[in-house]
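Single-letter residue listing:
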Number of protein chains: 2
Amino acid sequence: MNIPKSITICEVGLRDGLQNEKTMLQTADKIELAKMIIDSGIKVIELGSFVSPKAVPVMADTAEIFRTLGEIPGVELRAFTPNKRGVETAISCGCKKAKLNVSASRAHNIANLNKTPEESVAGFKEAVDLALENGITVSGSISMPFGSPWEHAIPLDDVRRIIDAYLAVGVDEISLSDASGMAVPGQVNMIAATVQKEYPNVSWWLHAHNTRGTAIANIIAAMDAGFTHFDASFAGLGGCPFVPNAAGNVATEDVVHMFTEMGVDTGIDLDKVIATAKRARELVGHDSDSYILRAGASKDLNLPLPEKKVK
Amino acid sequence: MNIPKSITICEVGLRDGLQNEKTMLQTADKIELAKMIIDSGIKVIELGSFVSPKAVPVMADTAEIFRTLGEIPGVELRAFTPNKRGVETAISCGCKKAKLNVSASRAHNIANLNKTPEESVAGFKEAVDLALENGITVSGSISMPFGSPWEHAIPLDDVRRIIDAYLAVGVDEISLSDASGMAVPGQVNMIAATVQKEYPNVSWWLHAHNTRGTAIANIIAAMDAGFTHFDASFAGLGGCPFVPNAAGNVATEDVVHMFTEMGVDTGIDLDKVIATAKRARELVGHDSDSYILRAGASKDLNLPLPEKKVK
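The structure contained in this document is the topic of the report that follows.

Conventions we followed
Residues numbered from 1 in each chain as written. Chains lettered and ligands numbered in written order. Predicted model: local features only at pLDDT ≥ 70, side-chain atom pairs only at ≥ 80, totals over all residues. Heavy atoms only, no water. Contact = heavy atoms within 4.5 Å. Buried area = accessible area lost by both parts, 1.4 Å probe. Salt bridge = Lys/Arg side-chain N within 4 Å of Asp/Glu carboxyl O. Polar contact = N/O pair within 3.5 Å; in protein donor to acceptor, adjacent residues only side chain to side chain. Helix = DSSP H or I, 4+ residues; strand = E, 2+ residues; numbered from the N terminus. Least-squares fit on C-alpha atoms with pLDDT ≥ 70 in both. Buried < 20%, exposed > 50% of the residue type's maximum accessible area, 1.4 Å probe, protein only. Right-handed = clockwise from strand over helix to strand, strands pointing away. Pairing = 2+ DSSP bridges. Axes fitted to C-alpha atoms, helices over the stretch in contact; angles between N-to-C directions. Disulfide = S-S within 2.5 Å. Expected span 1.5 Å × (residues − 1). Lys, Arg positive; Asp, Glu negative; His and termini not counted. Phe/Tyr/Trp six-rings, centres within 6.5 Å; stacked < 30°, edge-to-face > 60°. Lys NZ or Arg CZ within 6 Å of the ring centre and 35° of its normal.

Let's shift gears to the interface of chain B and chain A. Listed as interface residues are 56 residues of chain B and, on the opposing side, 56 residues of chain A. Of the roughly 4900 Å² buried between chain B and chain A, counting both surfaces, carbon and sulfur atoms make up 62%. A per-residue breakdown of the area chain B buries against chain A is headed by Arg212, Tyr291 and Leu301 of chain B, which together make up 15% of the total. In this structure, the connection of chain B to chain A is made through two salt bridges. Between arginine 294 of chain B and aspartate 289 of chain A there is a salt bridge, with the nearest N and O atoms lying 2.7 Å from each other. At the surface where chain B touches chain A, the tally comes to 17 residue pairs in polar contact (both at pLDDT 80 or more). For the side of chain B that touches chain A, the secondary-structure elements that each account for two or more residues are helix 5 (106–113), helix 9 (185–198), helix 10 (215–224), helix 11 (252–261) and helix 13 (291–295) of chain B.

A separate point is the relation of the copies chain B and chain A. With an axial shift of 0.0 Å and an RMSD of 0.0 Å, the rotation relating chain B to chain A amounts to 180°. What we have between these two chains is a two-fold relation. Considering only C-alpha atoms, the residue of chain B closest to the rotation axis is alanine 217 of chain B, which sits at 1.9 Å. Comparing contact sets, 100% of the residues at the interface of chain B also lie at the interface in chain A, consistent with an isologous, same-surface contact.

This part covers the pairing of strand 6 (residues 173–177) of chain A. Residues and elements named next belong to chain A. Across the five residues that make up strand 6, a large majority, five, are buried. Residues of strand 6 alternate between two faces, with Glu173, Ser175 and Ser177 on one and Ile174 and Leu176 on the opposite face, all of them buried. Taking the sense of rotation as the criterion, the β-α-β connection linking strand 5 (residues 137–143), helix 8 (residues 156–168) and strand 6 turns out right-handed. With helix 9 (residues 185–198) bridging strand 6 and the parallel strand 7 (residues 203–207), this β-α-β connection has right-handed handedness.

On to the sheet that holds strand 2 (residues 44–49) of chain A. Residue and element names in this part refer to chain A. Spatially, eight strands are ordered 1-2-3-4-5-6-7-8 in a closed barrel, and the strand pairing comes out parallel. Neighbouring strand axes in the sheet, compared pairwise and without regard to direction, differ in orientation by 30° on average. Sheet topology note: the strand 6/strand 7 ladder contains five bridges and is parallel. Note on strand 7: the bridge partner recorded for serine 177 is histidine 207.

Turning our attention to the pattern of salt bridges. Residues and elements named next belong to chain A. Under the definition given, this model contains 42 salt bridges over all chains. A salt bridge links lysine 97 to glutamate 76; its shortest N-O distance comes to 2.9 Å. With lysine 97 in strand 4 (residues 97–103) and glutamate 76 in strand 3 (residues 76–80), this pair connects stretches of sequence that are 21 residues apart. Overlapping salt bridges, with partners in common, bring together Arg15, Glu46, Arg78, Lys99 and Asp231 in one network.

Moving on, we get to helix 5 of chain B. Residue and element names in this part refer to chain B. Here helix 5 has its buried residues at His108, Asn109 and Ala111. In this fold, the buried residues of helix 5 make contact with strand 4 (97–103) and helix 6 (117–122). Residue asparagine 114 follows helix 5 closely and has a positive phi angle near 60°.

Once that is clear, we can look at the state of the cysteines. Residue and element names in this part refer to chain A. According to the stated counting rule, one finds zero disulfides over all chains in the structure shown. In this model cysteine 93 remains outside any disulfide bridge; the closest cysteine sulfur is found in cysteine 95, 5.6 Å from its own. According to the relative accessible area criterion, cysteine 93 is buried, its value standing at 8%.

It is worth spelling out helix 2 (residues 27–39) of chain A at this point. Residue and element names in this part refer to chain A. Under the 1.5 Å per step criterion, the end-to-end length of helix 2 is 18 Å for 13 residues, consistent within 8% with the ideal 18 Å. Along helix 2, the positions that sit buried rather than exposed are Thr27, Asp29, Lys30, Ile31, Leu33, Ala34, Ile37 and Ile38. Against the buried residues of helix 2 lie strand 1 (8–11), helix 1 (13–17), strand 2, helix 3 (62–69) and helix 12 (270–284). Where helix 2 ends, the next residue or the one after it, glycine 41, has phi of about 105°, a positive value.

Looking now at the side chain of aspartate 16 of chain B. All names here are of chain B. One can find aspartate 16 in helix 1 (residues 13–17). For the buried aspartate 16, no salt bridge is present, and the opposite-charge side chain at shortest range is arginine 15, 4.0 Å distant. A distance of 2.9 Å separates the side chain of aspartate 16 from the side chain of histidine 207, its partner in a polar contact. Side chain to side chain, aspartate 16 and asparagine 249 meet in a polar contact 3.3 Å long. Among residues more than four places away in sequence, those in contact with aspartate 16 are His207, His209, Gly238 and Asn249.

A few words on the packing of aromatic side chains. One pass over the full model with this rule turns up 10 aromatic pairs over all chains. Here phenylalanine 50 of chain A and phenylalanine 66 of chain A contribute two aromatic rings whose centre-to-centre distance is 5.6 Å and whose plane-to-plane angle is 40°, an arrangement assigned as tilted. Taken together, the positions of phenylalanine 50 of chain A in the loop between strand 2 and helix 3 and phenylalanine 66 of chain A in helix 3 put the pair 16 residues apart, joining distant regions of the chain. Assigned by exposure class, phenylalanine 50 of chain A and phenylalanine 66 of chain A land together as buried. Geometrically, the ring pair formed by tryptophan 204 of chain B and phenylalanine 227 of chain B is stacked, given 6.2 Å between the ring centres and 20° between the ring planes. Taken together, the residues span a long stretch of sequence, with tryptophan 204 of chain B in strand 7 (residues 203–207) and phenylalanine 227 of chain B in the loop between helix 10 and strand 8 (229–232) at a distance of 23 residues. When the ring centre of phenylalanine 80 of chain B is taken as reference, the NZ or CZ atom of arginine 15 of chain B above it lies at 5.1 Å.

Following this line, the structure appears as C-alpha cells:
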C-alpha cells in the first residue's frame, strides 16, 4: 500500500454540506464556520456557489462571504461556478478559484441538456476564458464517473472524453465525484491509477460520498493509487441526490483522524476540526453521520486499568 | 491494489452483535436468523458463546442452538469458548469449531488476570487439547493488536509473542480483532503483510469494528495485504466496549455489497443477506449502523431519465 507523506483536504461543508440542509444558516454563522475551518489549518475551502439565488436560496450569500473573508494568504477559497454569469460574480467578489461540474452520465446529460458531457464541457470555454483572464484558476468536476443511477456502469472511455474536453478548454485540475455513492475501492483504485498514468499533468481530487459506507475505503484506494487531494464535509453533512436520508459526504473529522493516526501529515489540527464539526452540527440542529463526533478520537481514549488482583 | 478472486465472511451477529443488545432474543428467533444466514450462502457462522449463563444470559441458549441446527455440510458453525468448561459444552452439543480470545494489551491482561497475554494463551493448552481430541478445530483471537485504550500503541513484538503462544498450543487459525476500533488502514496493511510473511502457515482473519469509521477501509487494507477472511455482523449490530453508543461491527450487508460490486466472489446472495439484516433489526427493535439497509444496493438504483428536452 502506497502511503504519502502528506495529503490535502478541501472542506466542502459550507457548500455541499449546507446545500442539503433544510435549515438555512445565517451568513454570520457561515462566516464563523469558515473562520474556524481556516483556523484549523485547512488550506482549501469551498465556500459556496454562484448560482441563481432563486434556484438555490441557501447559496445566495456566497459573494458576501467572499467579500467578508477577503484574501487569506496560503488558503484557497473556491466556489461552485456553473457558467459565465457565475464567473462574473466570482470576479466581482474576489473569488480566485472556480469549480465547474459535468455529469459523466451520457444518458442523463443528453436527456437533461440535449448535449453529451463533453459538449457540456466544451460549452464552459467562455466561462473558463473569462476566469483565467481575471486571475481565477478553474477546477473541473466529473460527477458519477464510478457509476450513475441511470446507466449504472460508466465506460472509462466516456470519462476520458470528459477529461480531454476539460483539458481542451484549459482546465487541468479535475475532481472525480462519487455523487451517487456507487464507487467501490477496487474500481476507484483502478480508475485513479489509470487517469494519473494517462494524464500525468492533471491535478486530481477525489470527492467521496458515504452513501453505501465505502467513502473512507475509496479514499484509501485512491491514495494507494497516488491521489493526495480529497474533499470532505464537516460533521459528514450532505446527502445523496438519489437516496433520501442517505449518509452524505465523508466527514472531515473522520478523514483527518484516520490520516493523523496513520502518520500522514494533513497540516490540520484534529481538535479544531472536531470543534468545527460540532459547531456545524449545532447550527444545523440535528445529528449527523460522523464517527469521530460519536466515538471521540483514539488519542483521547484514556481508561484506567482495573485494580491489580493478587494471585 | 491486490484484489483476490474470492473472500470468506464469518457472520458474527448472533454472538458479537446480539451480545451487545438490551433486548434478549428468543432462541427460536436466533434459530430463524441462523437459518437465514445459512440460506444466504454464508459458510462460517459464530452462533454464540459457551460462557457462564449468569455472566452472559443472552448466550445461555448457545448449546441448544447447536443441537437444533445439527451439522450442516459445508458450513462451519463456531462458538466463543473461553476455557475447558466451554469446550466440554461444545463437545456435548456437537459444536465443531471453538474460538478463544486474548487481549493484546499486556498492561490490561496483567492488571486483570495477573498474567501476560502469552501466559494466558499458554493456559489454553488443556482446553485446546480437549477440543482437538474431540475433533473440534480451534481458532484464536487476538483482541486489540492495533491499539488499546490503555497503552494505545501495541508493539508488534507483543503481537508476535501471542501468535507464538497460540502456535505453541496448537492453534494455527488466528483472528486480529479491532475491538477498540482504533485500527487505521496503513497500520492494518502493514501488520497484515508482516504476520502473513512471518507466519505463512497461519490462517488469518480480520475482525473489524466501525467505531471510528475505518472498518471497511481496514478490510480493504488487509485484503490488499493478502487477507481473505473477514468477520462481519448483520445490520452492523454490536458496539464498542469502551465507547457507549458507538457504531458496532462492520455490517455484513455493507461488506458483501462492496465485494460483490468489486467483482470479488463471496458465495453469498446479497438480497438474502439484506433480508437477514432487516429481520435482525426488526427483532432487536431499533435502527442500526448499516449503510445498505439505509441506502439500498447500487444494483437496485433504477431511476427514470428526465424527459428529453428539444433544443
